[in-house]
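# Coordinate inspection notes
So you can see what is in the structure, the chains are spelled out below.
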Amino acid sequence: MTTYLLGHLNYWLIIGVMMIGMFTMMSSPNLMKKLAGLSMFQTAVILFYVSIGKVEDGTAPIITETATRYANPLPQVLMLTAIVVGVATMALGFALIIRIRRAYNSMEEDDIHLQIQREELD
Amino acid sequence: MELLTVLLVVIPLICAPITAMIADRRVAWALTLMMCLALAVISAMVLNDVTTGKVIHYELGGWKPPWGIEYVIDSLNALIAVIVAFIALITVIYGRKSAEQEIHDSQIHLFYAAFQLVILGLMGMALTGDIFNLFVFLEISSLASYALIAMGHKRQALVASFNYLIAGTLGATFFLLGIGFLYAASGTLNMADLAARFDDFASMKLVITALLFILIGLALKAAAFPLHSWLPEAYTQAPTMVTVLLASTSTKVAVYVLIRMLYQVFPQAYWEEMLLPGFLMLSGCLGMLYGSYKALCQVSIKRLLAYSSVAQLGYMIVGIGLNNEAGLTAAIVHMFNHAVTKAALFMAAGMVLMRLHTTSLDKLRGAGKTMPWTTGAFALAGLSLIGVPGTAGFISKWYLVQGALAQGNYLVAGSILGASILAIMYVWKIIETLYFDGSDKLHVHKVGSGKQIVADLPVATACCYLMVFACFYFGLYTSIPLEAAQTAVQAMMGNGGAQ
Amino acid sequence: MTPSTLLLATMLVPLAGALLIPMFSARPNIRDAVSVITATVLFVIVCALYQQADSPASLVLAEPLSGLQIAFSVNYFGVLFALIASSLWIVTTLYAIGYMRAHHERNQTRFYTLFAIAIACVMAIAFAENLLTLFLFYEILTVGTYPLVAHAGTSEARAGARKYLLILMGSSIAFFLPAIIIVYLQAGTLSFSEAGVMAGNMESIYIAPLMLLFLLGISKAGIMPLHRWLPSAMVAPTPVSALLHAVAVVKAGVFTLLKVVLFIMGPDVIAQAINSQYLLLLPMATIILASLVAMTRDNLKERLAYSTISQLSYIVLGALMVNQAALVGATLHIAMHAFAKITLFFAAGAILVATHKTRVSELNGLAKSMPVTFMCFAIGAMSIIGIPFFGGMWSKWYLVSGAAAFEGATWLGWALSITLMLSTLLNIWYLLTIPVNAWFKTAPANEPASGEAPLPCLIAMIIPCVICIYLFFQPDIFLQLAHTIVGGDNT
């Protein structure tokens, strides 16, 4: 049992980060914190990919004469793309938050909701 | 032909940055138009080539699959590409005036650039045979559509866009996680390769987790009930052109990916035992009843149509869940038919918005007298939405009910018919208000466009009627979508695996 | 002209009329002339088709679903239905010209256009080659007549029209469509064919439920409990009520039902199916209940609507008894009831135009100022009741002999005869009292004397009236057709 837990330590940590991110995203009324939660969630997935690419005793995937075992390079390559996507999402999210704050003078979801409801009634 | 297919992705990829750099609204529009025209021609040629059952493979950069990225085009994704390209083309022609009215002049070239990126993303999703590549295209189209929705002229558009961003990114990340699990189990990202070697790793528990993550991610993107909450506001608040494009293509592409995953990557027998068909049908049935009911409660035409989209997506999900030939055919044909129908309806709604500056039914009493053409288009396309025989909507309903009855699933058949009756009610709610309610003359605004002022929108009306005509044409002459769907279904149901 | 050209013409002529009419919206005289000419041309074409009704001509428009076509073919039953509808269209157009002008209705162009479209749909229904085509035009007929019901645009008219559309379209989607799909799944075809397509394709126990789906789905036939649309539709202008809701639309319903019984299910299959005889209870209840409701209605048009519901169920009853005489009676009743009921509606409209009265209780003594109208009303009423010297007698005759020859449970046979008897008595009560009171009761004092309705209305009223009497002496036209349609020996 202990070996199982310890052997998969990286996965437990990743799941932890993922859950914290998702919880923040769901529960916080603050748009900024929502976005932060989303970012954590994405990061956790990136960590997950990198750790499945790890091969025991493997070195960095660069062909040299001394090494015989390499880590799988593909997940890391994929994650480069995913990071780019994540950065773009964050940038767009921040831009939206700035515009929302300008338009509603608030970053709290409940507050914005109230304003929208008032608008709809008119 | 192989080279042509990749152009479907490459053309918008080159066009979009150029458009972003040219700060002139006319050139930007013309470029977008040219691009869409090229895509439409190419996609039609490709579809024509593959309905025979032939499959086109294109290896990007000459790398052999399963290591390199491969584009695989069969009649199913060729049909999707045709839907995307043609809807985009008509939307661009239709939307010139509306974009000029809704978007500030200084942003309009960026608007068109983002518009092209959405098309790029959707095309890529449709064509690629590599599962990670699919994720990238999914994010390209999503990010561009968040930006487009935020350009809606009310400030609510910002909130709608933000909520969509949160939901959409969550969905995409789930999808990514699913791909990760699948990769961990199989060591490959190529769909055909995954399917071919599926038996080697089918026993791993990891694969079930992968399937569920992928499914939830895609369901979020496809706005399947109960993960639909982002859709109504996003469609309501987006600029008209964006609504037309997204409503008729983006969710459909997500449904297409769902079909691809369930019928080609994961073998049918694998998920059949998991009660998954039952869940899909439940989600679909609840979706169509809930969506139709909510549509009935709405006052804004745009929001009503958005909820009706939730309902119509339910039909497709049910079709997938039925897991028989008629059901899957219905799902695919309905993608096509609903794209056409919804485009016509949102185009009509957009023209109402442009001329009367409102889509609220309270303020549109008797609009049938002031805008007879637009409201006429609305009424006719509404018939297709209900599924009156002779319209495109009927064809999909026919196959869907047939699929449900062939399986002896009377509850599903009942829900489909019940939702259709709700559809009569919400469509008629609009028609009644437009035609038979009130006599006070409405004030029709002139639509300004640059320096010239035009009273009506002949081009937009013509585009709208083209779609209305398509609603009826494809209700009587169904060979294009039906043949493509049947070829695809036979390919998928026939061997259930790779091609 | 070849039969298939004629076939196409039956649908294209009214459509051409529908296109021409709006062009002359600014010039009412020409517009109305176009309507009359279109109607006459159509009638001539249908007559020509009657001469060649045995030809196997057919016409394929499209094939939307693999193996299922939108197709038309010449058939005797279709010719019968088309003859009735097209001949009465001429009369109704004449009547409408007088009525709409005297009543100063708005949107008259829209009215005539949609009317022509509705007739085109009826022709398509009449000559449909398969159930899918029939269903297609059945639905278009619903949508096309909706604006006619909502014509007045008042909140009452809109509420009525909403109910009209919802019940008709809702039931057809909820029951008719699945029934069609079941037939297609079981039999693999939807084409109308001699003796039906279900024989040997479905277990006998499922035949009755399937038939029930058809009965509920084809709500244009006005079977309770889905009959409420018909009284609601009475808010429409009288010519609409007269042609569409006494003849075209409702007859399209019973026509469809008869087609289903004769050429889809097959009479023998129904006769042999377990429990199918209990389906008769539905039309039987409708006949009696609708008659009872009709007695309580003071609004003249609404009373006539309930009378229509009751009479339609005679046809359904005849169809479900599935023996030779009953089927002939049912087919014949489509024609007989059409001519009689349109007379009644014309009379009701004439009273409305001349005196603005809609209630039965206000009509006492009115016959002195409107003798022709009430004469026609009396003749129409007697024809519906089935009194000799009027055409309606023949269909009743065949229906009663069909009930006598009924082969199901004995108690059901008795119930059938009693129903027919009782409803005739009720008919006499609620229909004949109207002209009797108008002739023999005295009008309330200080009633201003009104004249007859405009001349076109009167002419239009007298024509079907004369036909009612003529058909008693010469029922052969329709009788021959009915025998041919039902098949079997020609006695």
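Where an unreviewed UniProt entry is consulted, chain A appears under the name Na+/H+ antiporter subunit C, with the organism given as Salinimonas sediminis. What UniProt records for chain A under Subcellular location (unreviewed entry) is the sentence "Cell membrane". Of chain A, the UniProt comment under Sequence similarities (unreviewed entry) reads exactly: "Belongs to the CPA3 antiporters (TC 2.A.63) subunit C family."

### Things to note about the environment of Phe478 of chain C
All names here are of chain C. Structurally, the position occupied by Phe478 is in helix 18 (residues 476-486). Considering only alpha carbons, one finds Phe478 and Val44, 434 residues apart in sequence, at a separation of 17 Å. In this structure Phe478 touches Leu80, Ile84, Leu332, Ala335, Phe339 and Leu471, once residues within four positions along its chain are discounted.

### As for the nonpolar core
With 449 residues, the main nonpolar core has Ile332 and Trp398 of chain B together with Phe214 of chain C as its most contacted residues. Among the elements that line this core, the one with the most residues is helix 13 (residues 324-355) of chain C, at 22 residues.

### Here we look at the UniProt feature "transmembrane region" (unreviewed entry) in chain A
Residues and elements named next belong to chain A. Taking the UniProt record as the reference, the feature "transmembrane region" (unreviewed entry) is found at residues 6-23 and 77-98. Across residues 6-23, helical content stands at 94% and strand content at 0%; the span's end C-alpha atoms are separated by 25 Å. The span residues 77-98 carries 100% helix and 0% strand; its end-to-end C-alpha distance comes to 32 Å.

### Points about unusual backbone geometry
At the junction of Phe225 of chain B and Pro226 of chain B, the peptide bond is cis and its omega measures out at 0° in the coordinates. Cis geometry marks the peptide bond from Met224 of chain C to Pro225 of chain C; its omega dihedral reads 10°. For Asn323 of chain B, which is not glycine, the phi dihedral falls at a positive 60°. In this fold, Asn323 of chain B is placed in the loop between helix 14 (301-322) and helix 15 (325-356). If you check the backbone angles, His356 of chain C has positive phi at about 60° while not being a glycine. Structurally, His356 of chain C can be placed in the loop between helix 13 and helix 14 (371-385).

### Things to note about the arrangement of the chains
When the two pairs of chains in contact are compared, the highest contact count belongs to chains A and B. Chain A makes no contact with chain C; the smallest distance between any of their C-alpha atoms is 26 Å.

### A short note on the packing of helix 5 (residues 131-149) of chain C against helix 9 (residues 238-265) of chain C
Residue and element names in this part refer to chain C. The interhelical angle for the contact between helix 5 and helix 9, taken along N-to-C directions, is 165°, at an axis separation of 12 Å. Our classification of the angle between helix 5 and helix 9 gives roughly antiparallel. As for the relative orientation of helix 5 and helix 9, their crossing is left-handed in sense. Residue-level inspection shows Leu131, Leu134, Tyr138, Leu141, Thr145, Leu148 and Val149 of helix 5 in contact with helix 9, the latter providing Val240, Leu244, His245, Val249, Ala252, Thr256, Val260 and Ile264. Of the residues that constitute the contact of helix 5 with helix 9, the class distribution is twelve nonpolar, three polar and no charged.

### Here's the deal with the environment of Phe127 of chain C
Residue and element names in this part refer to chain C. By the secondary structure assignment, Phe127 is in the loop between helix 4 (108-126) and helix 5. The buried category is assigned to Phe127, whose relative accessible area is 0%. With 68 residues separating them in the primary sequence, Phe127 and Leu59 have C-alpha atoms 9.8 Å apart. Non-local contacts of Phe127, meaning those with residues more than four positions away in its chain, are made with Leu7, Thr10, Leu49, Ala71, Phe72, Ser73, Val74, Asn75, Gly78, Val79 and Ala82.

### Digging into the interface of chain C and chain B
Taken together, the contact pairs 34 residues of chain C with 28 residues of chain B. In total, chain C and chain B occlude about 2800 Å² of area from one another, counting both sides; carbon and sulfur atoms represent 78% of this. Taken as a group, Leu65, Ile173 and Ile181 of chain C account for 19% of the area that chain C buries against chain B, more than any other trio of residues on that side. Inspection of the chain C/chain B interface yields two salt bridges. Here Arg158 of chain C ties to Glu432 of chain B by a salt bridge, and the two come within 3.9 Å at their closest N and O atoms.

### Observations regarding the environment of Phe474 of chain B
All names here are of chain B. Looking at where Phe474 falls in the secondary structure, it is placed in helix 20 (residues 458-476). The exposure class assigned to Phe474 is buried, which follows from its relative accessible area of 13%. Taking the C-alpha atoms as reference points, Phe474 and Phe394, separated by 80 residues in sequence, lie 9.8 Å from one another. Sequence-distant contacts of Phe474, defined by excluding residues within four places in its chain, comprise Phe336, Asn337, Ala392, Ile395, Ile480 and Pro481.

### Let's talk about helix 18 of chain C
Residue and element names in this part refer to chain C. Along helix 18, the residues that are buried comprise Phe478, Leu479, Leu481, Ala482, His483, Ile485 and Val486. The inward-facing, buried residues of helix 18 contact helix 2 (28-51), helix 3 (76-102), helix 9, helix 13, helix 15 (392-404) and helix 17 (455-473). Gly487 sits one or two residues past helix 18 and shows a positive phi near 85°.

### Quick look at the interface of chain A and chain B
Facing the 38 residues of chain A at the interface are 29 residues of chain B. Note on chain A versus chain B: buried area summed over both sides is about 3100 Å², and carbon and sulfur give 77% of it. By the criterion of area lost to chain B, the three top residues of chain A are Tyr49, Leu92 and Leu96 of chain A, representing 16% of everything that side buries. At the surface where chain A touches chain B, the tally comes to one salt bridge. With a closest N to O distance of 2.8 Å, Arg155 of chain B and Glu119 of chain A form a salt bridge. On the surface where chain A and chain B come into contact, there are six residue pairs in polar contact (both at pLDDT 80 or more). Among the elements of the structure, helix 2 (9-27), helix 3 (31-52), helix 4 (73-104) and helix 5 (109-121) of chain A are those that each provide at least two residues to the side of chain A that touches chain B.

### A closer look at the packing of aromatic side chains
For the structure shown, the criterion picks out 43 aromatic pairs over all chains. One aromatic cluster in this structure is built from Tyr11, Phe41, Phe48 and Tyr49 of chain A together with Phe174, Phe181 and Phe213 of chain B. Lying over the aromatic face of Trp29 of chain B, Arg96 of chain B brings its terminal NZ or CZ to 4.7 Å of the ring centre. A cation over an aromatic ring shows up here: Lys220 of chain C above the ring of Tyr138 of chain C, its NZ or CZ 3.6 Å from the ring centre.

### What to know about the state of the cysteines
Residues and elements named next belong to chain C. Applying the stated criterion across every chain, the model contains zero disulfides over all chains. With no disulfide of its own, Cys457 lies closest to Cys376 among cysteine sulfurs, the gap being 12 Å. Cys468 carries a free sulfur, and the closest cysteine sulfur to it, the one in Cys465, is 6.2 Å from it.

### Quick look at the pattern of salt bridges
Tallied over the full model, the rule gives 15 salt bridges over all chains. Between Arg96 of chain B and Glu100 of chain B there is a salt bridge; the shortest N-O distance is 3.7 Å. Of this pair, Arg96 of chain B and Glu100 of chain B both sit in helix 3 (residues 75-102), four residues apart, which is roughly one turn of that helix. Among the residues examined, Arg96 of chain B registers a relative accessible area of 27% and is labelled partly exposed. On the accessibility criterion, Glu100 of chain B (13% relative accessible area) is buried. The closest approach of N and O atoms between Glu432 of chain B and Arg162 of chain C, which form a salt bridge, is 2.7 Å. With one member in each of two chains, Glu432 of chain B in helix 19 (residues 410-436) and Arg162 of chain C in helix 6 (residues 155-187) form a pair that bridges those chains. Residue Glu432 of chain B is classed as buried on the basis of its relative accessible area of 7%. Among the charged side chains, a network of salt bridges with common partners joins Arg25, Arg96, Glu100 and Asp105 of chain B.

Thresholds applied
Residues numbered from 1 in each chain as written. Chains lettered and ligands numbered in written order. Predicted model: local features only at pLDDT ≥ 70, side-chain atom pairs only at ≥ 80, totals over all residues. Heavy atoms only, no water. UniProt positions renumbered as here; feature names shortened; annotations may be inferred. Helix = DSSP H or I, 4+ residues; strand = E, 2+ residues; numbered from the N terminus. Contact = heavy atoms within 4.5 Å. Core = buried A, V, L, I, M, F, W, Y, C linked by side-chain atoms within 4.5 Å. Buried < 20%, exposed > 50% of the residue type's maximum accessible area, 1.4 Å probe, protein only. Axes fitted to C-alpha atoms, helices over the stretch in contact; angles between N-to-C directions. Parallel < 35°, antiparallel > 145°, perpendicular 65-115°, else oblique. Left-handed = near helix turned anticlockwise from the far one by under 90°. Nonpolar A, V, L, I, M, F, W, Y, C, P; charged D, E, K, R; others polar. Buried area = accessible area lost by both parts, 1.4 Å probe. Salt bridge = Lys/Arg side-chain N within 4 Å of Asp/Glu carboxyl O. Polar contact = N/O pair within 3.5 Å; in protein donor to acceptor, adjacent residues only side chain to side chain. Phe/Tyr/Trp six-rings, centres within 6.5 Å; stacked < 30°, edge-to-face > 60°. Lys NZ or Arg CZ within 6 Å of the ring centre and 35° of its normal. Disulfide = S-S within 2.5 Å.

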